[in-house]
Amino acid sequence: ITAANIAKYDRLHSLVVFSDADPLAFSRDSIAGWLNLAERWLEVANAWDNDARYPYVLWNCLWRAGGSLLHGHLQVSLTRGMHYAKIERLRHDAESYRQRYKFDYFEDLIAVHLALGCAYQVGQTTVLTLLTPVCDKEVWILTPGLTNEAIGALYQTLETFRDRLAVRSFNVGILLPPIAPVSETWDDFPTVIRIVDRG
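Now for a description of the structure that goes with this document. (Residues numbered from 1 in each chain as written. Predicted model: local features only at pLDDT ≥ 70, side-chain atom pairs only at ≥ 80, totals over all residues. Heavy atoms only, no water.)

Another aspect to go through is the overall build of the protein. Helix and strand content of the protein: 4 helices and 9 strands. Of the regular secondary structure in the protein, the N- to C-terminal order runs β-β-α-β-β-α-α-β-β-β-α-β-β. Compactness check: the protein gives a C-alpha radius of gyration of 17 Å against a globular reference of 16 Å for 199 residues, within 12% of the reference. Dimensions of the protein, computed from the C-alpha atoms along their principal axes, are close to 45 × 45 × 25 Å. When each of the 199 residues of the protein is scored for burial, the buried share is 50%. In the protein, once contacts between residues fewer than 6 apart in sequence are set aside, the share between residues at least 24 apart is 65%. By element, 54% of the accessible surface of the protein is carried by carbon and sulfur atoms, the whole surface being about 10,300 Å². Charged side chains in the protein number 19 positive and 23 negative. The centres of these two groups are separated by 5 Å. (Helix = DSSP H or I, 4+ residues; strand = E, 2+ residues; numbered from the N terminus. Rg over C-alpha atoms; globule rule 2.2 N^0.38 Å. Buried < 20%, exposed > 50% of the residue type's maximum accessible area, 1.4 Å probe, protein only. Contact = heavy atoms within 4.5 Å. Areas by Shrake-Rupley, 256 points an atom, 1.4 Å probe, with all protein chains shown as cover. Lys, Arg positive; Asp, Glu negative; His and termini not counted. Charge placed at Lys NZ, Arg CZ, Asp CG, Glu CD.)

Structure below.
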């Protein structure tokens, strides 16, 4: 279910509350269901406020990752004017890279990681173990959208964290391009799913 967040960081900010309270009791199907509900919430929120066009989905699993509740939940938000700062910075940097080098930043990022054996692809989805991680075990999933391939890659990554690496606390940030037309260019900006181990 969705529910309003009592500690809002934006005007349109909601929760997707998991049916199972244990945030580590996830499956591929449950992740697909949560993300489907998050996308539906974003559509309804945009219909309610057409000027809110910049979406973000966040999953802080347990307290070390900043999760304020033990019960599993995603946060979903939609903002106006411009994207959240780090997402806008990535878009700006990718666009500057294109203008300077005449190549697509994300395609080059994928090519380098594939060449070094730090990435794999499933259809149009690429999973990268970053060469320059911000946090421990940082993984990026670059995909055209929240497709079945992307959800499968997210589940496999989180299953590996949980079952093989004994990670109990993690962050998942889903960086999405605007859900309606905006003035700045988002050409070739993929959906970026960032996953980090928080201990």
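Structure shown, so let's carry the discussion forward.
Here we take up the packing of aromatic side chains. In the structure shown here, the tally under the stated rule is 13 aromatic pairs. Here Phe 18 and Trp 59 contribute two aromatic rings whose centre-to-centre distance is 5.4 Å and whose plane-to-plane angle is 90 degrees, an arrangement assigned as edge-to-face. Placement of Phe 18 in the loop between strand 2 (12-17) and helix 1 (28-48) and of Trp 59 in strand 3 (residues 52-61) is noted, with a sequence separation of 41 residues between them. A relative accessible area of 2% means that Trp 59 is categorised as buried. Plain terms: the ring middles of Tyr 97 and Tyr 105 are 5.5 Å apart, the flat faces sit at 80 degrees to each other, and that makes the pair edge-to-face. Judged by relative accessible area, Tyr 97 falls into the partly exposed class, the value being 24%. An aromatic cluster is defined as three or more aromatic residues linked by ring pairs; in this entry it consists of Phe 18, Phe 26, Trp 34, Trp 59, Tyr 155 and Phe 170. Seen from the ring of Trp 186, Arg 91 lies directly overhead, with NZ or CZ sitting 5.6 Å from the centre. Positioned above the aromatic ring of Phe 26 is the side chain of Arg 162, whose terminal nitrogen or guanidinium carbon lies 4.3 Å from the ring centre. (Phe/Tyr/Trp six-rings, centres within 6.5 Å; stacked < 30°, edge-to-face > 60°. Lys NZ or Arg CZ within 6 Å of the ring centre and 35° of its normal.)

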